[in-house]
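Structural characterization, general
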Protein chains: 4
Amino acid sequence: MTRLPSPRHRFETDEDPALPAWAARYRAVRLDSERLCLPLCIEDFVIQTTDEASPAKWHLAHVSWFFETFILNEYLPGYACYDKRYRMLFNSYYEQIGEFHPRPARGFLSRPTVDEVYRYRTHVDQHMLALLDDPRDRPWHEILERLEIGLHHEQQHQELLLTDIKRNFSVNPLRPAYRVDLPTPPVGPRPALEWLDYEGGLVDTGHHGPGFCFDNELPRHRVFLNPFRFASRLVTNGEYLAFMEAGGYRNPALWLSDGWAQVQKHGWRSPLYWERIGGEWWQYTLAGLRRLAPDEPVCHISHYEAEAYASWVGRRLPTEDEWEHAACASLCSPTDEGVADHGGSGGAGAERGDTDLGVRHDDEEPPPAAAWPNGNLRNSGYLQPVVAPAAAGPVQLFGDVWEHTRSAYLPYPGFRPAAGALGEYNGKFMSGQMVLRGGSCVTPDDHIRPSYRNFFYPHERWQFQGLRLAGDPD
Amino acid sequence: MTRLPSPRHRFETDEDPALPAWAARYRAVRLDSERLCLPLCIEDFVIQTTDEASPAKWHLAHVSWFFETFILNEYLPGYACYDKRYRMLFNSYYEQIGEFHPRPARGFLSRPTVDEVYRYRTHVDQHMLALLDDPRDRPWHEILERLEIGLHHEQQHQELLLTDIKRNFSVNPLRPAYRVDLPTPPVGPRPALEWLDYEGGLVDTGHHGPGFCFDNELPRHRVFLNPFRFASRLVTNGEYLAFMEAGGYRNPALWLSDGWAQVQKHGWRSPLYWERIGGEWWQYTLAGLRRLAPDEPVCHISHYEAEAYASWVGRRLPTEDEWEHAACASLCSPTDEGVADHGGSGGAGAERGDTDLGVRHDDEEPPPAAAWPNGNLRNSGYLQPVVAPAAAGPVQLFGDVWEHTRSAYLPYPGFRPAAGALGEYNGKFMSGQMVLRGGSCVTPDDHIRPSYRNFFYPHERWQFQGLRLAGDPD
Amino acid sequence: MTRLPSPRHRFETDEDPALPAWAARYRAVRLDSERLCLPLCIEDFVIQTTDEASPAKWHLAHVSWFFETFILNEYLPGYACYDKRYRMLFNSYYEQIGEFHPRPARGFLSRPTVDEVYRYRTHVDQHMLALLDDPRDRPWHEILERLEIGLHHEQQHQELLLTDIKRNFSVNPLRPAYRVDLPTPPVGPRPALEWLDYEGGLVDTGHHGPGFCFDNELPRHRVFLNPFRFASRLVTNGEYLAFMEAGGYRNPALWLSDGWAQVQKHGWRSPLYWERIGGEWWQYTLAGLRRLAPDEPVCHISHYEAEAYASWVGRRLPTEDEWEHAACASLCSPTDEGVADHGGSGGAGAERGDTDLGVRHDDEEPPPAAAWPNGNLRNSGYLQPVVAPAAAGPVQLFGDVWEHTRSAYLPYPGFRPAAGALGEYNGKFMSGQMVLRGGSCVTPDDHIRPSYRNFFYPHERWQFQGLRLAGDPD
Amino acid sequence: MTRLPSPRHRFETDEDPALPAWAARYRAVRLDSERLCLPLCIEDFVIQTTDEASPAKWHLAHVSWFFETFILNEYLPGYACYDKRYRMLFNSYYEQIGEFHPRPARGFLSRPTVDEVYRYRTHVDQHMLALLDDPRDRPWHEILERLEIGLHHEQQHQELLLTDIKRNFSVNPLRPAYRVDLPTPPVGPRPALEWLDYEGGLVDTGHHGPGFCFDNELPRHRVFLNPFRFASRLVTNGEYLAFMEAGGYRNPALWLSDGWAQVQKHGWRSPLYWERIGGEWWQYTLAGLRRLAPDEPVCHISHYEAEAYASWVGRRLPTEDEWEHAACASLCSPTDEGVADHGGSGGAGAERGDTDLGVRHDDEEPPPAAAWPNGNLRNSGYLQPVVAPAAAGPVQLFGDVWEHTRSAYLPYPGFRPAAGALGEYNGKFMSGQMVLRGGSCVTPDDHIRPSYRNFFYPHERWQFQGLRLAGDPD
């Protein structure tokens, strides 16, 4: 995936908008989406095999619709809509924009064809670049704020392109591969799971620093954390298999009530994409069926399964605040301090005591992702999570699997969604879903950050979702 | 659509199998299927928007699977399956062949691609033609019997290709046309509806003569018909609109109980494909949206709607025996006798009294379809039903719309399905469905015959289904 | 069950209406309903455990509503409705009367209480009897026609009271008995199944004679029957068990397509009410759980199961015309002629040749039920079907189980439903259901007649439904 | 409702178990349940009109099952089960006890009859009182801990008895009243809504003190609260009506995405139990239909509706921690300090600064409910929420309606469910539900406490659920 430094202009004025850098960034992100589709046949762009997984064609068009709707229609005088019927067809869920084609029916549309969708993309791109190439007096702070959201929006859909292709291919008895040329990750052994202790206390959480974030990562606010323990690495396939073999999917005492109902309703007996063939476990991947590698992180499990596993081992999931605190500490500590020194009010040099309340300010902005320690973000190129590195933990925080937390997806204190239709981007989903953290092996690298809050319903499994254990001090 | 004389060898011996004629027929039918797909984009081959309407790609593959499964695998020694996974993938519903991919999931398959499906067709064609080109000693009567079924089977799917494309396109808000080049049929006026009287009595019904028929058209058997009246032409859009405007869809007293439940459940307010746009009625056709033509036959109505309309006008639907009797009389009478002379034991010269029981034998085989009177089968080229000709009735019997009857689809007395998996072709569906007669404007011409029994559930509307009234003598 | 001679006045004039006999008949039928409820606790009157089985309380009220709505409201001047809200509450399905409480919600009503429902019955009875006690000038032919329908209607609900109590009790893990005092029927052995041959030909079918019938049994009309064979007795539990043990419920080749779908959807493995306990088969009955008696008729099977069983033994179900023909012949023949003489145009003395068409007129009205031969109608008192008597067949025609036929429930030629709301009684259900004949062990004896057409959906099993085989001549 | 001082022995030893006081308490609580059922007819005990609302009969039996299962079976040697089939029949959801009768089928059981259920209660009572009357050496700390849970469990079901009767009666077109003798509450005017400011900071939350609580109220733990505003009283019917009249139910911009889906799916247009009759709004209550009183608190709204209303007025729901903090402050402050002094680290005398972290310890146990200020708990006797008193706020905290919060129902930090089946009481439901606080007008008075966490799915409305606004400082 192409990685460009994000333009850091933070939209406070309309002057000096650094348009050429933004244009370059726009081009790069747009190109990434199309590169992801290169291995697809035309037929592959069309299908939708479940409500949750949209067709590739729809993703490509919808992200273009986003720029057209929120930027070109509003800021480019005289802009002529490519096709006014697309306003409804490629609206995902913005009630304030108007009607939208129903989500479960996205796979019912053979037209516009793939070719036509690419022409639509080209049309949008030409006008977007024309806009960015013309430095006349405009409300640039508004435009660029929307542009940046649009680019991150497109990156979200780049991830969805891959998760949805995997989902849509997986039900085909032919088990087609998205890419047969994907390298096989190195096999284990996995390092031993170690428990890292954090002192907790008053900490600040939520996004800070000049970089981009979504509205749901704000405002940064203070929380009180009890002391907690945090696993050094993710739970592996082999460890999860032990849970299965111990009857985990048959023992209701381990499950949340709603989770047990799902197990029974859907006959769950293993993670999604696991198949038992000839007495052995295989896993459907973007490279096709592969024999299950016991040391790789377990993946494609729902929140319910993560909870049940944690119950079985007598531990629990971390809260999103614990996760963020541990992740920031991992990134911000100037030295690799090891297990004993994680967090805590008397702890790491990166944290300053607040004389009034003893709060620690993790004010230091995380370093650029490329500089993150511990082998994080190594996964590009495998399109699956890989065995943990043998480094001091916590490892595998970023870019392996989305890590289940025990936190419901709710507004931060003081949260206010944006005005208008863009306010529907995140806020209206703050009900019934759970927070996942860390980014997965199919998340664009520069789309990952410690404060990022992903959210899914507790029964969903089609994302690259895995599990890190947490616990209370003994 | 290419029309070839059907080879008339009726499989009584394995000698002189007229293989070249069969090979020519095979080529012609197979080519017809592919011609029907010429206007499609690749994406159009993939989608399935409702359980009832399969993807075009699936139809093309399934009809090939039929030849492979029932002929090549059994009669061509050493035949190598194109892909053994297709045995399940393209099995429609033959339990005795083994598992089949679930019908509602046919649109979930992007692979095999359209290109691959065509390669599969070519592979099957090459081996079929090789078989037919080699007159060595084989059980030709079995092979050709299956071949003939296979060709009629493919013709059924040619019709379904069109009805399913229409259905799948219709839910797309862009309302794409299958063919924009279709001619607009001439407008009315429709002739007045006349009532033709039939005396009934003992008649024989069911297929007879040397031509092909499906097992469900046999055995020919005797039935007793009461005197009945038969409408000279189909009910028109304009007549049906009067029913709608009189509150037909809001008056439960007109409906069968199950029909009224459908009206309420689905919010039916008009036939399928009718749309109210700007105060006027339009109709979605294979040529796209067209303004409703009041004199054309009403189409795409369910059995329930046909029943309700008939109740509203104080008439009823014909039984399938009445329909077949009237249709045969129309074809077999040596002269155009007009209304007064239809049927009846004292009637037309084509009917001989049976001294014992007074039964009439309509033994004369119907003439070739091309010779049928009254403008029947004029519709090729419009792909929609057209205004009735001003000829002496009954008109529009063949090739306009499938005509609803009040007969449930049940076995004829003495019916026996074939042995083995081919016995599942028709017999196992003899429950819950109603018989329709006559063939539609998208039925291949040489696939239509008076004894043909089509069958659909009483709520289904996606076929070209219309309505002719019948009644009892005053 | 009390049996009174039905008043035979056939409503041709308003004079001499025989009111005292009608009043006596009314009292007797009304009392029968209440007698059936004597074994019930108050709680038992309330429950509804499936859409198809209404609460006892609802039955008691609805049959009273019928008299109130169709007689008292229209013919008794100044009649004051007991509670005007009951018009909606106890309307079953008469759209022309107005709204009705939804069928699946009949068990949601704790009020009116059982006591209140009995008061409602008393109110209606007092007014009905006052009406019948006052021979002033009224449209008696209309009133008595409706009264007679109302009495037969109440008898239908007497049967439903029992079938619904059985159904509603059966899902209670305590398996309560409706009556613990029911005698155990004598055990076998069953007589051997013999095949009785009928010549068929032109016969008249449908109700005839002065007795009551529903509109769907009319008009009497002529049909042509092919020669057929008819089993001398019903299929037994033991015979059906052999089908089960031979894998009948696992072999799709035996089933209608819709039937196989039901088997899979509901996991059918045996008739309704059969339970496997400790390695043995038991059957839930109105007397509670009883060990399965192999020589008793199989009961509580759907049309689909009856069809599958018949396929398995290589036979078929009779048509309703065949059944009625055989049943009438059984009743009308002056002597017990044995197998060889059943039916046939050259046959029994009860049948006269029609010189024109050879039609046989079974014009002799069946004798009173009490005089029917062959042990029919012996079952009162067991409330379950019992072992066939060792008489010359056909036996078990009446009052054992409703016998499945292969005939769809459709209008007879020339059928016209009554005008107004009473026209909804039967006609609007002529879609999707199958005809059953003969009456069951819980049908009131004087409610059974050869021309009676009962109808249920092919998946329904909660009535006392069983199976007699038929076939074509070898 | 009888109110007895709860025995305060906290189970630390097995000595001095104060058995007579416990026996008295047991008798009182058991009697309360039966008193609640006095107005019911036998039929009313049986019905279940929706999965969520169990039959009264089931409640009466299930609470007895609880004592039998968790106490008598385990601690009374030689105890003979009343009916061993009840173990399954009246198990609600304890997987570790074994199977349970499915919840949606509780209304399918006419047996055991009401009379039998009362005999079951008597049997359990006799043995429970025998146990408590015999002070021999037993593990009293275990027994009494379970006894206390069992009594609170029965109190929960006393509330459910009323909410479920209301729900089950409400669908009856006769709209029966549970009690026609209920007094009509005094009408308004409501006091003006005032905003009370809280400083927040570090506070402790969760149950403390020696009184009873459920496991989900523990452990008491520290949280950080941002400053917040809290409405002095509940939102009224009149205020909610303004939201409705402003199109609240038609404007998706106000709703959570899942909430809007519910509005459309169920056609919500008002709170549950509101009816529009003759141009006016009525409300179904336990006394039958009453005209809507605009100054009474709005009730029977889902979480989604509460959220939408709050959005419409530009406010939000309180978190459960904010609510508990305000409620405790209201009870614990020695004087009525008014709006300005609520909470805050520099605030009320009841709060001591923690030198390290500035945490406030609300360590003072709340006073007995009977002593609570501000007219709380005045509602007994109306069985509906009533107009707010004109006292200094916050008022209506306890015993009016369950107040929606924006907090998901999740485990407190360090939460551990009890071992064994009793651990299923609360913990396994910590998924997908939201916390409600405060108790309603049908909650037993001595079952209400500030730390009580009730939980329902966000679409549920059949409890007495209402709404208090909160907000962030301006």
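The structure this text deals with has already been given above.
Okay, so let's go over this structure. It should be emphasised that the depicted structure is a prediction, and the values quoted were computed from it without experimental measurement.

**Examining the overall build of chain A**
A count of helices and strands for chain A gives nine helices and 12 strands. Evaluated residue by residue, chain A yields a buried proportion of 65% over its 474 residues. For chain A, restricting intrachain contacts to residue pairs at least 6 apart in sequence, the fraction spanning at least 24 positions comes to 77%. Total accessible area on chain A stands at roughly 16900 Å², and carbon and sulfur atoms take up 52% of it.

**Re the relation of the copies chain B and chain A**
Turning chain B through 180 degrees and shifting it by 0.0 Å along the axis lays it on chain A, with an RMSD of 0.0 Å. The transformation relating the two chain copies, once decomposed into turn and shift, fits a two-fold axis. When each C-alpha of chain B is compared by its distance to the rotation axis, Glu43(B) comes out closest, at 2.9 Å. A share of 100% of interface residues in chain B that are also interface residues in chain A marks the association as one of identical surfaces.

**Comments concerning the sheet that holds strand E8 (residues 402-408) of chain B**
The strands that make up a sheet pair up through hydrogen bonds in the backbone, lying either parallel or antiparallel. All names here are of chain B. Taken together, four strands build an open sheet; the order of strands is E10-E9-E8-E11 and the sheet is mixed. A single partner strand is all that each edge strand has here, and the edge strands are strand E10 (454-456) and strand E11 (465-466). Where E8 lies against strand E9 (residues 434-437), three bridges are found, and the strand directions are antiparallel. Paired with His404 across the bridge in E9 is Leu436. Together, E8 and E9 form the strand contacts of helix H8 (residues 303-312), whose direction differs from that of E8 by roughly 85 degrees.

**Some thoughts on the pairing of strand E5 (residues 274-277) of chain D**
Residue and element names in this part refer to chain D. The pairing of E5 with strand E6 (residues 280-285) spans four bridges and is classified as antiparallel. Looking at E6, one finds that Arg276 is bridged to Trp281. Linking E5 to E6, which pair antiparallel, is a turn of two residues; within it Gly278 sits at a positive phi near 55 degrees.

**Details of the pattern of salt bridges**
Pairs can form between side chains of opposite charge once their charged atoms are near each other. What the rule picks out here adds up to 124 salt bridges over all chains. Note that Asp134(A) is salt-bridged to Arg136(A), the shortest N-O span being 2.8 Å. Of the charged contacts in the structure, one is a salt bridge between Arg138(C) and Asp134(C), with a shortest N-O distance of 3.2 Å. A single burial state applies to Arg138(C) and to Asp134(C), both of which are buried.

**Focus: the packing of aromatic side chains**
Here the distance between the centres and the angle between the planes together describe a pair of aromatic rings. Residues and elements named next belong to chain A. Taken as a whole, this structure holds 155 aromatic pairs over all chains when the rule is applied. When the ring of Tyr82 is compared with that of Tyr120, the centres are 5.4 Å apart and the planes differ by 35 degrees; the resulting orientation is tilted. Linking Tyr82 in the loop between helix H2 (56-75) and helix H3 (86-89) with Tyr120 in helix H4 (residues 114-132), this pair joins segments that are 38 residues apart in sequence. For Tyr120, a relative accessible area of 0% translates into the label buried. Between Tyr409 and Phe455 the ring centres are 4.0 Å apart and the planes differ by 5 degrees, which places this aromatic pair in the stacked class. Of this pair, Tyr409 sits in the loop between strand E8 (402-408) and strand E9 (434-437) while Phe455 sits in strand E10 (residues 454-456), placing them 46 residues apart in sequence. For the pair Tyr409 and Phe455, one class covers both residues: buried.

**Observations regarding unusual backbone geometry**
Between Arg111(A) and the following residue, Pro112(A), the backbone shows a cis peptide bond with an omega angle of -5 degrees. Among the secondary structure elements, Pro112(A) is positioned in the loop between H3 and H4. Of note, the amide linkage connecting Leu218(B) to Pro219(B) takes the cis form, showing an omega dihedral of -10 degrees. Residue placement: Pro219(B) occurs in the loop between strand E2 (201-205) and strand E3 (221-225). A positive phi angle is found at Tyr273(C), which is not glycine, with a value near 80 degrees. Checked against the element boundaries, Tyr273(C) lands in the loop between helix H7 (257-266) and strand E5 (274-277). By relative accessible area, Tyr273(C) is classed as buried at 6%. With phi around 45 degrees, Arg175(D) is a residue other than glycine that occupies positive phi space. Tracing the sequence through the fold places Arg175(D) in the loop between helix H5 (140-170) and strand E1 (195-198).

**Points about helix H8 (residues 303-312) of chain A**
Residues and elements named next belong to chain A. Most of H8 sits out of view: eight of its 10 residues are buried. Listing the buried residues of H8 in full gives His303, Tyr304, Glu305, Ala306, Glu307, Ala308, Tyr309 and Ala310. Considering only its buried residues, H8 is in contact with helix H6 (237-245), helix H7 (257-266), E8 and E9. Following H8 by one or two positions, Gly314 adopts a phi angle in the positive range, close to 75 degrees.

**Comments concerning the interface of chain B and chain A**
Counting residues at the interface gives 30 residues for chain B, matched by 30 residues for chain A. Buried surface at the junction of chain B and chain A, summed over both partners, amounts to about 2500 Å²; 65% is from carbon and sulfur atoms. Broken down residue by residue, the surface that chain B buries against chain A is led by Glu43(B), Arg111(B) and Leu174(B), which jointly contribute 29%. For the interface between chain B and chain A, the tally reads two salt bridges. The partner of Asp44(A) in a salt bridge is Arg111(B), and the shortest N-O contact between them spans 2.5 Å.

**Remarks on the relation of the copies chain C and chain B**
Of the transformation superimposing chain C on chain B, the axial component is 0.0 Å and the angular component is 180 degrees, with the fit at an RMSD of 0.0 Å. Mapped onto chain B, 100% of the interface residues of chain C again fall at the interface, so both copies present the same surface.

**Describing the nonpolar core**
All names here are of chain D. Ranked by internal contacts, the top residues of the largest apolar core, which has 72 residues, are Tyr26, Leu147, Tyr178 and Leu286. The dominant element in this core, judged by the number of residues it contributes, is helix H2 (residues 56-75), at 11 residues. If we skip the residues at most four places from it in the chain, Leu286 touches Leu162, Ile165, Lys166, Ala177, Tyr178, Arg179, Leu182, Leu383, Val442 and Phe464.

**Observations concerning helix H6 (residues 237-245) of chain B**
All names here are of chain B. For H6, the full list of buried residues reads Asn237, Glu239, Tyr240, Leu241, Phe243 and Met244. Residues of H6 that are buried in the fold lie against strand E5 (274-277), strand E6 (280-285) and H8. Gly247 lies just past H6 and shows a positive phi near 85 degrees.

**What to know about the interface of chain C and chain B**
Residue-level contacts link 34 residues of chain C with 34 residues of chain B. Summed over both partners, the interface of chain C with chain B buries about 2700 Å², with 55% contributed by carbon and sulfur atoms. Summed over the shared surface of chain C and chain B, the result is zero salt bridges. On the surface where chain C and chain B come into contact, there are six residue pairs in polar contact (both at pLDDT 80 or more). Breaking the side of chain C that touches chain B down by element, the ones donating at least two residues are strand E3 (221-225), H7 and strand E8 (402-408) of chain C.

**Quick word on the pairing of strand E4 (residues 228-231) of chain A**
All names here are of chain A. Side chains Phe228 and Phe230 of E4 all project onto a buried face; the interleaved residues Arg229 and Ala231 project onto the opposite face, where all are buried too. Of the strand pairs in this sheet, strand E1 (residues 195-198) and E4 are connected by four bridges, and their pairing is antiparallel. In the sheet register, Tyr198 faces E4, and the bridge partner there is Phe228. By the bridge criterion, two bridges tie E4 to strand E12 (residues 470-471) in an arrangement that is antiparallel. Paired with Phe230 across the two strands is Ala470, which belongs to E12.

**Digging into the side chain of Asn216(A)**
Residue and element names in this part refer to chain A. Within the fold, Asn216 resides in the loop between strand E2 (201-205) and strand E3 (221-225). Owing to a relative accessible area of 2%, Asn216 belongs among the buried residues under this scheme. Among the polar contacts made by the side chain of Asn216, one reaches the side chain of Asn426 at a distance of 3.4 Å. Discounting residues that sit within four places of it in the chain, Asn216 has contacts with Tyr409, Tyr412, Phe415, Asn426, Met430, Arg453 and Phe455.

**Focus: the packing of helix H1 (residues 19-36) of chain C against helix H4 (residues 114-132) of chain C**
Residue and element names in this part refer to chain C. Two elements in contact, H1 and H4, have axes separated by 10 Å at closest approach and are oriented at 170 degrees. Here H4 runs roughly antiparallel to H1, going by the angle between their axes. Along its contact with H1, which presents Leu19, Trp22, Ala23, Tyr26, Arg27, Arg30, Ser33 and Glu34, the element H4 presents Tyr118, Arg121, Val124, Asp125, Met128, Leu129 and Leu132. Residues of the contact of H1 with H4, tallied by class, amount to nine nonpolar, one polar and five charged.

**A word on the sheet that holds strand E9 (residues 434-437) of chain C**
Residue and element names in this part refer to chain C. With mixed pairing, the four strands of this open sheet are ordered in space as E10-E9-E8-E11. Because the sheet does not close on itself, it has two edges, and the strands there are strand E10 (454-456) and strand E11 (465-466). Taken together, the two bridges between E8 and E11 define a ladder with parallel strand orientation. Across the sheet, residue Trp402 finds its bridge partner in E11, namely Gln465.

Rules and cut-offs
- Residues numbered from 1 in each chain as written.
- Chains lettered and ligands numbered in written order.
- Predicted model: local features only at pLDDT ≥ 70, side-chain atom pairs only at ≥ 80, totals over all residues.
- Heavy atoms only, no water.
- Helix = DSSP H or I, 4+ residues; strand = E, 2+ residues; numbered from the N terminus.
- Buried < 20%, exposed > 50% of the residue type's maximum accessible area, 1.4 Å probe, protein only.
- Contact = heavy atoms within 4.5 Å.
- Areas by Shrake-Rupley, 256 points an atom, 1.4 Å probe, with all protein chains shown as cover.
- Least-squares fit on C-alpha atoms with pLDDT ≥ 70 in both.
- Pairing = 2+ DSSP bridges.
- Axes fitted to C-alpha atoms, helices over the stretch in contact; angles between N-to-C directions.
- Salt bridge = Lys/Arg side-chain N within 4 Å of Asp/Glu carboxyl O.
- Phe/Tyr/Trp six-rings, centres within 6.5 Å; stacked < 30°, edge-to-face > 60°.
- Buried area = accessible area lost by both parts, 1.4 Å probe.
- Core = buried A, V, L, I, M, F, W, Y, C linked by side-chain atoms within 4.5 Å.
- Polar contact = N/O pair within 3.5 Å; in protein donor to acceptor, adjacent residues only side chain to side chain.
- Parallel < 35°, antiparallel > 145°, perpendicular 65-115°, else oblique.
- Nonpolar A, V, L, I, M, F, W, Y, C, P; charged D, E, K, R; others polar.

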